[in-house]
Amino acid sequence: MTRLAAICLFLLCISGTSVLARSVTDSAGRTVEIPDTVTRVFAAGPPASILVYALKPEALLGWPRALRDYEKPFIAEAFRDLPETGRLTGRGGEANLERVLALKPDLIIDFGSVRDTYIDLADRVQEQTGIPYLLVNGRFDETAGALRLVGEALGVPERGDLLAADVEATFTALTSALGAVPEADRPRVYLARGADGLETGLKGSINTEIIEKAGGRNVADVPGQYGLVQASPEQIIVANPDTIVTWDRSFYEAVWQDPLWQGIAAVRDGRVFLSPTAPFGWIDRPPSVNRMMGLKWLAGLFYPELWDGELRQETADFYKLWYHVDLSEAELDTLLEWAKGRAP
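Residues numbered from 1 in each chain as written. Predicted model: local features only at pLDDT ≥ 70, side-chain atom pairs only at ≥ 80, totals over all residues. Heavy atoms only, no water.

Student: Could you give me a rundown of the sheet that holds strand β5 (residues 133-137), with the residues and numbers involved?
Tutor: Strand order in this open sheet of three strands is β3-β4-β5, and the pairing throughout is parallel. The sheet terminates laterally at β3 (41-43) and β5, the two strands that pair on one side only. Between one strand and the next, the sheet's axes are offset by a mean angle of 25°, whatever the strand orientation. Direction of pairing for β3 relative to strand β4 (residues 107-112): parallel, over a ladder of three bridges. Of the residues in β4, the one forming a bridge with Val41 is Leu107. (Pairing = 2+ DSSP bridges. Helix = DSSP H or I, 4+ residues; strand = E, 2+ residues; numbered from the N terminus. Axes fitted to C-alpha atoms, helices over the stretch in contact; angles between N-to-C directions.)

Student: Residues and numbers for the layout of surface pockets, please.
Tutor: By volume, the largest pocket amounts to about 1,300 Å³. As for the largest pocket, its lining consists of 45 residues, and the residues nearest its centre are Pro47, Arg87, Asn207, Pro286 and Pro287. Residue assignment for the lining of the largest pocket shows that the elements contributing at least two residues are α2 (46-55) and β4. For the lining of the largest pocket, the element with the highest residue contribution is α2, accounting for four residues. Looking at side-chain class alone, the lining of the largest pocket contains 18 nonpolar, 14 polar and 13 charged residues. The calculated volume of the second largest pocket comes to roughly 200 Å³. Forming the boundary of the second largest pocket are 14 residues, of which Leu202, Val219, Ala220, Ala231 and Gln235 lie nearest the centre. Listing elements by their share of the lining of the second largest pocket, those giving two or more residues are β9 (228-230) and α8 (233-239). With three residues, the top contributor of residues to the lining of the second largest pocket is α8. Here the lining of the second largest pocket is built from residues that sort into nine nonpolar, four polar and one charged. (1 Å grid on protein atoms, 1.4 Å probe; cavity = no way out; pocket = protein on both sides within 12 Å on 5 of 7 lines; lining within 4 Å. Points joined across faces, edges and corners; volume = space filled by probe spheres on them. Nonpolar A, V, L, I, M, F, W, Y, C, P; charged D, E, K, R; others polar.)

Student: Describe the pattern of salt bridges, and please don't skip the residues or the numbers.
Tutor: Oppositely charged side chains are able to pair whenever their charged atoms sit close together. A full pass over the atoms with the stated rule returns 19 salt bridges. As a salt-bridge pair, Arg312 and Asp333 come within 2.9 Å of each other at their nearest N and O atoms. Remark: Asp333 occurs in helix α13 (residues 329-339) and Arg312 occurs in helix α12 (residues 311-323); sequence separation between them is 21 residues. Its relative accessible area of 37% is what places Asp333 among the partly exposed residues. What you see here is one network of salt bridges that share partners, running through Asp26, Arg30 and Asp123. (Salt bridge = Lys/Arg side-chain N within 4 Å of Asp/Glu carboxyl O. Buried < 20%, exposed > 50% of the residue type's maximum accessible area, 1.4 Å probe, protein only.)

In structure tokens form, the structure reads like this:
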């Protein structure tokens, strides 16, 4: 018996995990046996941690990356100092199985891609640890279904339905407001990632699908290709977006003087927008349910004459409903000034 196998067996014997009592079919079509009562969840990556926090924060064992000081005021106080657990999936996946087992989770949840690579990982981890592992589709259009699926798994179906209904209402309102806008009249948008702004996501990628959902046209469009890519300055000049969105403060501060960007319409016309990232990014970072806040923000930026939401109230309502926190006026001011490019 290997050392890991021995540790797995020992920890499973002493964990007191609830008797497996019900079957759940996850987004990958896997039938997973989970405890009747789930009280301890290991989030496989940042998107899953936000999903679990929104639905049942008391079940979350920790954050894949510990919250930074500037992020903590935007999270309910009881959950600001949860330990850093690491991540099993995505960039920098470093959580080892011994550490996962030591936390004695009832359930592991991953929220994002359900491609074969992630199915294989889920199956291997579940087999090696004996801990049920749910894969949940993280595509934006599947958000309501994901909330209901995980709400049921965590024993909070009413909460899942409440948040899913909020998603559906927002999507419906956006479709109604923008449905008559011709494709040719929609803003041409570039998502600038990194300090140089040259990393982006291709159209249809999970990192940039919020652009299309908000009624924009992603200029990084290579038919049949998806994911994050490095763009060249020449490609951006040719694409000439009229709108740029970013969450990187260094890029935002530098782009206005950087000679490489001076000929781009978005820079010339002052249409470069900085997304807040507290406690999580409004447009990505990571691509989870936090994007619902960014969707409202982008709709107002892209179509101020069509989207009738009032950003201050939308922000207060979202943080209360999804993040379990009543923002002070000063905290609201911080987020709204940040969204105007004046980050704290």
